[in-house]
Amino acid sequence: MAAVQWRSRGRNYEAELQRCCPEATPVEFGDYHPLKPIMVTDTKTRRGARKGSTSSSSSSSSSAAPDPLSSMLDGTDPLSMFAAASAIETPAMSQSASAGDLGRKRREKEAEEAVGPDFEPWSAKRGEILARFTTTEKLSINLFMGSDRGKALSPGSSAVSEKVRTRLEELDDLEEGSQRELLNLSQQDYANRIEELNQSLKEAWASDQKVKALKIVIQCSKLLSDTSVIQFYPSKFVLITDILDTFGRLVYDRIWTMCSDPRPLPDSFTVDDVNDTAKETCLNWFFKIASIRELLPRLYVEAAILKCNRFLNKSGIQETLPRLTAMIRGIGDPLVAAYTRAYLCRVGMEVAPNLKDSLNRNFFDLLGTFRQISSESVQNQLVLQRVEVPEYLTLYSPAINWILQCIAYRAPEPLLTEMMERCKKLGNNALLLNSVMRAFRPEFVAARATDFIGMIKDCDEAGFPKHLLFGSLGRSLACADPPESERLTILNEAWKVITKVRSPRDYVNCAEIWVEFTCRHFTKREVNTILADIIKHMTPDRAFEDAYPQLQSVIRKILTYFNDFSVLFSMERFLPFLDMFQKDSVRVEVCRSIMEVFIKHQLESTRDPVILNAMLHICKTMHDSVNALTLEDEKRSLSLLIIGFIRMVCFGRDFEQQLSFCVEARATFCNLEPVLVQLIHTVNQLAMETRRVMRGSHSRKTAAFVRACAAYSFITIPSLSSIFSRLSLYLQSGQVALANQCLSQADAFLKAAVSILPEVPRSISIEGKLRSSETFLLDFINNFLATLLVVPDHPEHGVLYLVRGLLNMVQDYTWEDNSDAKVRVYVSALPLLAAMSQETYLYSIPKVDSNETLYGGDPKFLSEINKLCETLIGQILDQLKSLGRDESTRRQGALAFSLFGVLLAHGDLRNNKLSQLAVNLWNLSHKHGYCDTRVSVRTLEYIKHQALQHDMAHLSDTVQRLALQSRT
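Residues numbered from 1 in each chain as written. Predicted model: local features only at pLDDT ≥ 70, side-chain atom pairs only at ≥ 80, totals over all residues. Heavy atoms only, no water.

### Side note on the overall build of the chain
- When helices and strands are counted, the chain shows 46 helices and 4 strands.
- Looking at the chain as a whole, 48% of its 968 residues qualify as buried.
- In the chain, of all internal contacts separated by at least 6 residues, the share reaching a separation of at least 24 is 74%.
- In the structure as shown, the chain presents an accessible area of about 50,300 Å², 51% of it carried by carbon and sulfur atoms. (Helix = DSSP H or I, 4+ residues; strand = E, 2+ residues; numbered from the N terminus. Buried < 20%, exposed > 50% of the residue type's maximum accessible area, 1.4 Å probe, protein only. Contact = heavy atoms within 4.5 Å. Areas by Shrake-Rupley, 256 points an atom, 1.4 Å probe, with all protein chains shown as cover.)

Shown next as structure tokens:
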């Protein structure tokens, strides 16, 4: 393949555009269209006559193939036919369906009576109780030491009387004290021991040692009478009742299984569905429990299997609950009695949530035991254990809260009035009042907020702190609105008490709750007063350092209700409040939350100096937290938030102020590269906006301004570490400068881009994996070449100096082995050079004279272009020869076909040598059968179509010499 003399084909772009425009074809509305609605007439009688019928009910008059989706509409699809068949069978089943109506109605009634998802289960409270009620005191536990008699009898022991006698002896052995006491246990050791007992219960049950399992449950129940470490009692109750729940579940499942032979027992079974064996087994369990001598374990164990009464008689549960409630009155310790009632109410809500009378009776009995708290025995116990009365009263909270939650669930509003009256009769017992406010629906409490405040005022401060009562009231008011006329009075009365709380921890816990009420119903003035009071209380002795979660909650609540940042930042105490967050991680988290709300709710751009100064301060706080150890994901997250702020800043037509802001932001956010990239884009956009306002005709002032924008970008880009970011921004900034007639600045940008090409690494990291950078580099170079068409040559640097500089850099760049990237750049440069040789360029920039104007088709200029094209073609042909020697036939064919396409589109094939080169390239690309046949066929069709043009007739001879070769 000898070197050829290049000559570019003359192009008339406007004529080519006209030929490429498709002709408009009128469409008659009467013609069939695939999107035309299908109207279907479906009748019931037609389904019965479907068999043997081929008629269609579609109103479409088209003769085209039927729409498969329309079959669904006329009932001919398989699913509709199955539905029709089932409809025929339905009458035959109506008799059996009516028989099941009674069971269905019963299940619906039970579903209505059962607790719904709006009822907070005990499991949700379990973790909170274990975390709240802890102790450092040493604990003790009585472990049952079972004898071998507790094992299952051998098959040979068939006498029933002997079995009964043996089990009674085992129970007597338990009552006589076959146990061992473990002392000096830590709280964790105690919990581990209880878990071991729970596991032992399951193992004993699995090995058919039912009596041993009962002994474990009885022994654990006895532990609930021990109040030697009274602070730990609520947590002990939680741990031991887990064992009781396990035991109750095992017994119920065993009897259920006995009833499931031969067919499973339905969920809504009755006593008549239970066989005699299951009834006898169930009764036997109740007899065993009735033989327990001590009251407390007998109560707990019977309550654990309360659900089993369903197997014995219909009203078993309804009769048992009042009896167990009355038995609890025999427990002398008021704390133990309160938790026993709580357990009975918990089991009662699970098995019979509709029996409210039992719940009410337990609660009223609990009220009657409050006078025991001041008894001598209880007071002596508190003195012995060094427990204060307020701390002791908080031990009742989980039990009372649970009982009241069960009572208040779906309760009518008058019940709250009754509870308030009972509280007044007890002298406004603070503990009870607190539980009432937390148990009933917030709407009911909010409607009586003023009454509750009066009751709180009358409470005794010594027994239960009033700020806790106001905290409970505040939680209800955060969920429901009190009467509008009472809101200010409520806030004033509450804050009078809250502001007098001396403990910073108690103060901030209560203040945090009431901040939401203040934000919902009042203006920035009241919120600012609240913030000032919080600062006043939390600043001394740096108390805020121990209250970051509560202070963060205050910020979140304020941001929820104040989305107008001009109002938010006009609060005098808001920024001083932020200054209390002095721990770096917390401060950054708070700033991040503010920025997220700003980006979400700030829909319009702003130039408000109050907002800008405050947001710059917040963004600077986030930026300054970045150091060498900051993760890339964290940097990216912070950058996106700051970029969101920068995009919202707009000074309108005051472009100089906008540029000054970008200068300040560049100095402030210099460590976050994505922010710098955004600032460069912002300044480039600012320059283009200036051009739009001036309609492309700059004055002396605006010309100086856009040059200042170019200088900003030129100074900022080198500070970026990403080579591809620099390349892209150099090119974009050069295009912007060129559009604004800043030729020297555009020249500097493009020269800088060419100069850093050798710095591009051969591989880059993408999502943690090394990938070749060739694809990105080729994309950039192609974009760069497209820009060079409109860039005029510099008068001091010669013809096509930027094109030559780029090609020289490509020549010197170290490409990957076995890569054709370099010659592909050469192939891409040929269309550019061909476009430069045209009399009129394909595109241009207004008020910028490109080379078409500077050279005006000068023969010397065209000669330089042709020489450069010949050099590039020579390099490409040398690469094709090299690939042939290396037997890289697939790469050789692809490269040859690419060059053929360039010659066809941009070369003047009237030149015989150029035409022959094109034919040789075609043959070479098809020589080994790797070329896509479909592409080849379409290419030939295109050439034949072009040959029909009067100025392209010479292609007729060329196309005759192009042959398709099948793949071998």
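After presenting the structure, the write-up continues.
### Some points on the pairing of strand S3 (residues 763-766)
- The sheet contact formed by S3 and strand S4 (residues 769-772) spans 4 bridges and is antiparallel. Each residue of the ladder has a partner; that of serine 763, found in S4, is serine 772.
- Here S3 hands over to S4 after 2 residues, with glutamate 767 in that stretch at a positive phi of 55 degrees. (Pairing = 2+ DSSP bridges.)

### Side note on the side chain of threonine 958
- Position of threonine 958 relative to the elements: it lies in helix H46 (residues 955-960).
- On the accessibility criterion, threonine 958 (5% relative accessible area) is buried.
- Residue contacts for threonine 958: discarding those within four places in its chain leaves Ser915 and Val919.

### Remarks on the pattern of salt bridges
- Applying the stated rule across the entire model yields 35 salt bridges.
- Between glutamate 294 and lysine 222 there is a salt bridge; the shortest N-O distance is 3.3 Å. Note that glutamate 294 is positioned in the loop between helix H11 (276-290) and helix H12 (295-304) and lysine 222 in helix H9 (residues 210-222), a separation of 72 residues in sequence.
- The class for lysine 222 is buried, based on a relative accessible area of 15%.
- Residue arginine 329 pairs with aspartate 365 through a salt bridge whose shortest N-O separation is 3.0 Å. Note that arginine 329 is positioned in the loop between helix H13 (316-327) and helix H14 (334-351) and aspartate 365 in helix H15 (residues 356-368), a separation of 36 residues in sequence.
- Since its relative accessible area comes to 13%, aspartate 365 is described here as buried.
- Overlapping salt bridges bring together Arg7, Asp908 and Arg910 as one network. (Salt bridge = Lys/Arg side-chain N within 4 Å of Asp/Glu carboxyl O.)

### Things to note about H11
- A rise of 1.5 Å per residue sets the reference length of H11, with its 15 residues, at 21 Å; its end C-alpha atoms lie 21 Å apart and thus fit the reference within 8%.
- Taken together, the buried positions of H11 are occupied by Ala278, Thr281, Cys282, Trp285, Phe286, Lys288 and Ile289. Relative to the axis of H11, the buried residues are bounded by an arc of 160 degrees and lie together on one face. Projecting away from the buried face of H11 at angles above 90 degrees are the exposed residues Asp276, Glu280, Phe287 and Ala290. (Expected span 1.5 Å × (residues − 1). Arc of directions from axis to C-beta.)

### Some details on helix H33 (residues 655-668)
- For H33, with 14 residues, the first-to-last C-alpha span of 20 Å sits near the 20 Å given by 1.5 Å per residue.
- Here H33 has its buried residues at Phe655, Gln658, Leu659, Phe661, Cys662, Ala665 and Thr668.
- Along its buried surface, H33 packs onto helix H31 (609-624), helix H32 (632-647), helix H34 (673-693) and helix H35 (700-716).

### Examining the confidence of the model for the chain
- Model confidence for the chain is summarised by a mean pLDDT of 84, while 85% of its residues fall at 70 or above.
- Residue range residues 145-160 is modelled with pLDDT below 50. Its contacts to residues more than four positions away, or to other chains, number 15 contacts.
- Contacts from residues 174-178, a stretch scored under 50 in pLDDT, to residues over four places away or in other chains number 10 contacts. (pLDDT = per-residue confidence, 0-100.)

### Some points on the environment of alanine 753
- Of note, alanine 753 is situated in helix H37 (residues 743-755).
- Sequence-wise, alanine 753 and glycine 734 are 19 residues apart; in three dimensions their C-alpha atoms are separated by 9.4 Å.

### Re the nonpolar core
- If you look at the biggest cluster of nonpolar residues, it comprises 306 residues, and the most contacted ones within it are Phe440, Leu473, Trp514, Ile534, Phe645 and Leu788.
- Ignoring sequence-local partners within four residues, the contact set of leucine 473 consists of Met437, Val445, Ala449, Phe452, Ile453, Ile456 and Trp514. (Core = buried A, V, L, I, M, F, W, Y, C linked by side-chain atoms within 4.5 Å.)

### Focus: the packing of aromatic side chains
- The full count for this structure, using the stated rule, is 39 aromatic pairs.
- For the pair tryptophan 122 and phenylalanine 237, a centre-to-centre distance of 5.9 Å together with 90 degrees between the ring planes defines the contact as edge-to-face. Of the two residues, tryptophan 122 is situated in helix H6 (residues 122-132) and phenylalanine 237 in helix H10 (residues 233-259); the sequence distance between them amounts to 115 residues.
- Residue class for phenylalanine 237 comes out buried when judged on its relative accessible area of 1%.
- Three or more aromatic residues joined by ring pairs make a cluster, and in this case those are Phe119, Trp122, Tyr233, Phe237, Tyr339, Trp402 and Tyr409.
- It is lysine 210 that lies over the ring of tryptophan 205; its NZ or CZ is 4.9 Å from the centre.
- Note that arginine 422 overlies the ring of phenylalanine 364, its terminal NZ or CZ placed 3.7 Å from the centroid. (Phe/Tyr/Trp six-rings, centres within 6.5 Å; stacked < 30°, edge-to-face > 60°. Lys NZ or Arg CZ within 6 Å of the ring centre and 35° of its normal.)

### Topic: the packing of helix H24 (residues 487-498) against helix H25 (residues 504-521)
- Two numbers describe how H24 lies on H25: the axes approach to 11 Å, and their chain directions differ by 165 degrees. Taken together, H24 and H25 sit at an angle that is classed as roughly antiparallel. Note that H24 runs across H25; the crossing there is left-handed. On H25, the residues that touch Arg487, Ile490, Leu491, Ala494, Trp495 and Ile498 of H24 are Tyr507, Cys510, Ala511, Trp514, Phe517, Thr518 and His521. (Axes fitted to C-alpha atoms, helices over the stretch in contact; angles between N-to-C directions. Parallel < 35°, antiparallel > 145°, perpendicular 65-115°, else oblique. Left-handed = near helix turned anticlockwise from the far one by under 90°.)

### Things to note about the environment of serine 763
- Relative to the elements of secondary structure, serine 763 occurs in strand S3.
- As for serine 763 and serine 773, which are separated by 10 residues in sequence, their C-alpha atoms are 5.0 Å apart.
- Ignoring anything within four residues of it in the chain, the contact list for serine 763 reads Leu770, Arg771, Ser772 and Ser773.

### Section: the state of the cysteines
- According to the stated counting rule, one finds 0 disulfides in the structure shown.
- The thiol sulfur of cysteine 423 is not disulfide-bonded, and the nearest other cysteine sulfur, from cysteine 459, lies at 8.3 Å. (Disulfide = S-S within 2.5 Å.)

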